[in-house]
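Residue-level listing of the chains:
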Amino acid sequence: MEMERDFETKLQLQQPELGGVGSKAVQRTNSITFRAPQEQFTVNDFELGKLLGTGSYSKVIRAKKKDTGNIYALKIMDKKFIAKENKVSYVKMERIVLDQLDHPGIISLCFTFQDAYSLYMALECCEGGELFDQITRRGRLTEKEACFYAAEVIDALEYIHSMGLIHRDIKPENLLLTSDGHIKIADFGSVKPTRESQITVLPNSANEKACTFVGTAAYIPPEVLNSSPATFGNDLWALGCTIYQMLSGSSPFKDASEWLIFQRIIARNLKFPEYFSHEARDLIDKLLDEYGLECGMAFVLRLEHGKGIGWDTDPSKRLGAGPDGYASMKKHSFFKGIDWKNIWKTPPPPRLAPVQDVSVDYNTHDNPWSLMHVGGDATYHHDIPDANACPASSSEVLSISSLASIDSFDSRWQEFLESGEAIVMISKLKKIQKFSNKKVQFILTDKPRLLFVDPSKMTAKTSIIWSDKPSELNVQVANSSHFKICTPRKVISFEDPKDRAWQWKTAIEGLQHR
Ligand SMILES: Nc1ncnc2c1ncn2[C@@H]1O[C@H](COP(=O)(O)OP(=O)(O)OP(=O)(O)O)[C@@H](O)[C@H]1O
């Protein structure tokens, strides 16, 4: 009950005053006007069909409304999971933003409802599945097909940007296909409204600092890895990666781990397959920020403290972000033959039918959520998930250390690093001592090194001698917040107020096994 009240307050959703079932009539609350009403439905009003997809905090199920026969994609989010993972602001943002958007290339929100366990968003259902599946099942798309899909994405993205919104998670998994094969952009949980945006958001729902790290590793632009604030250029970079993926079958900076992907992005280590046309290469180059060539400079390499060698990136120079906006992109020779005005009436390319899913019997439990496992690592947000769980797999170890690295792109600590050294994990910990506990900034670097900094005096303290051998350096976790670092000389006990004891263990062991 408390959870329900909390969500009601947080989401500020109230009983409909206007409009009927499934209508797009206007609904008023204390703070905002909703077009997609909050209904009093329950999940029993729907026949639940196949699982359409899984997100990091949702399951999306094809659902038929029993009384009307209308089909929806029901995005189901577990309240406890969302509260635990601090995703309330993402849910609010998606609900409010989708409610105000109106474009043929953007998924529409029909209505919402909730029960004690879950929040439900009834979305228009994209029967054609993800563009990602079309690419992977066919190996790659032809340039003609990629050109059509890219043109539709660009038209929708131009609209999103014109509304003062940065999507921040453009990727083939979030580009859905309607039953007749047109594109719809989905997943607006990571959206960032710019200051000029005319979109109404609830107080405190502009989810976090402008430079918070969200998105999916392979599509993240270098400036985000450098903690720069979000700009429209972030989406244009992701668009460039997406077009590359349509044409080649994989993302341009694909590598064995997120850590290596980030290294490739920062170094702009980009290679084109030889079958890419000149037009395709040029377009992708310009979306992936090769503005140096246009300026008459081949490129600018720079060496900065701890950041290694990287390209000077200027997201505002990307094709589509300049003063003439999208016009320059639409004029690009890759899009020769595209009828931009009638793109949504143009017949889409033929595609493979979506794979038939094994049907799931959702009716064996009262709570449909109980049948679902929430999680997955396709997309993540800044917070490290599931702090109390013991991360076990090697991919989790890598993911944790790379997330921590993003977490710590904070220039304050650069002075304690050597040239080329990067932070893998950093926390303010309580060092538990016999007589008095001490707050220390504890830093794990990729060298690897473990060092202490006194955060009040900003002075370096001792470091723990690194060893790759567990007999000489190991971490023992007592519970989610307490752990010990054991070396032959001493045992140091710590308390992590953010409950990241297991993350410390996995990050350190991950580097021992690198
Ligand atoms: N309207 C829809 N029609 C059909 N399938 C959909 C629809 N919306 C979402 N899906 C499927 O569900 C998946 C997860 O949805 P979505 O990305 O919105 O969830 P999320 O929890 O916000 O995920 P993320 O981890 O990407 O933030 C999508 O990748 C897609 O496969």
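A quick note: this is a predicted structure, and the numbers were derived from the prediction, not measured.

Caption draft 1: Fine view of the UniProt feature "binding site: ATP" (unreviewed entry) in the protein. Per the UniProt record, "binding site: ATP" (unreviewed entry) is found at Lys84. With respect to the helices, strands and loops of the structure, Lys84 is situated in helix α2 (residues 79-84). Residue classification places Lys84 among the partly exposed residues on the basis of 15 C-beta atoms within 10 Å.

Caption draft 2: Looking closely at the confidence of the model for the protein. Mean pLDDT over the protein: 78, with 74% of residues reaching 70 or higher. For the protein, the element scoring lowest by mean pLDDT is strand β12 (residues 301-304), at 36; strand β10 (residues 183-185) scores highest, at 98. Low pLDDT, under 50, characterises residues 290-310; the predicted model gives this stretch 28 contacts beyond four residues in sequence or across chains. Here residues 363-411 scores under 50 on pLDDT; set against residues more than four positions off or in separate chains, the count is 90 contacts. If you check the scores for this complex, the pTM reads 0.67 and the ipTM reads 0.98.

Caption draft 3: Seen up close, the sheet that holds strand β4 (residues 59-65). With antiparallel pairing, the 5 strands of this open sheet are ordered in space as β3-β4-β5-β7-β6. Where the open sheet ends on each side, the last strands, each with one partner, are β3 (46-54) and β6 (109-114). Adjacent strand axes in the sheet meet at a mean angle of 30°, parallel and antiparallel pairs treated alike. With 6 bridges joining them, β4 and strand β5 (residues 71-78) adopt antiparallel strand pairing. Within β5, the position partnered with Val60 by the bridge is Lys75. Relative to β6, helix α3 (residues 88-100) is tilted by about 145°, and along the sheet it contacts β5, β6 and β7 (118-123).

Caption draft 4: Representation of unusual backbone geometry. Even without glycine at this site, Asn86 takes up a positive phi of about 55°. On the secondary structure map, Asn86 appears in the loop between α2 and α3. For Asn86, a count of 14 C-beta atoms within 10 Å translates into the label partly exposed.

Caption draft 5: Region of the structure containing the nonpolar core. Judged by nonpolar contacts, the single largest core of 94 residues is most densely connected at Leu74, Leu123, Val153 and Ile243. Apart from residues no more than four positions distant in its own chain, Leu123 is found in contact with Tyr72, Ala73, Lys75, Ile107, Leu109 and Cys110.

Caption draft 6: Summary view of the pairing of β6. In terms of residue burial, β6 counts as a mostly covered element, since 5 of its 6 residues are buried. As paired strands, β6 and β7 are joined by 5 bridges and run antiparallel to one another. Along β7, the bridge assignment pairs Gln114 with Leu119. Here β6 hands over to β7 after 3 residues, the two strands then running antiparallel side by side.

Definitions and limits used
- Residues numbered from 1 in each chain as written.
- Predicted model: local features only at pLDDT ≥ 70, side-chain atom pairs only at ≥ 80, totals over all residues.
- UniProt positions renumbered as here; feature names shortened; annotations may be inferred.
- Helix = DSSP H or I, 4+ residues; strand = E, 2+ residues; numbered from the N terminus.
- Buried ≥ 20, exposed ≤ 12 C-beta atoms within 10 Å, placed from the backbone.
- pLDDT = per-residue confidence, 0-100.
- Contact = placed C-beta atoms within 7 Å.
- Pairing = 2+ DSSP bridges.
- Axes fitted to C-alpha atoms, helices over the stretch in contact; angles between N-to-C directions.
- Core = buried A, V, L, I, M, F, W, Y, C linked by C-beta atoms within 7 Å.

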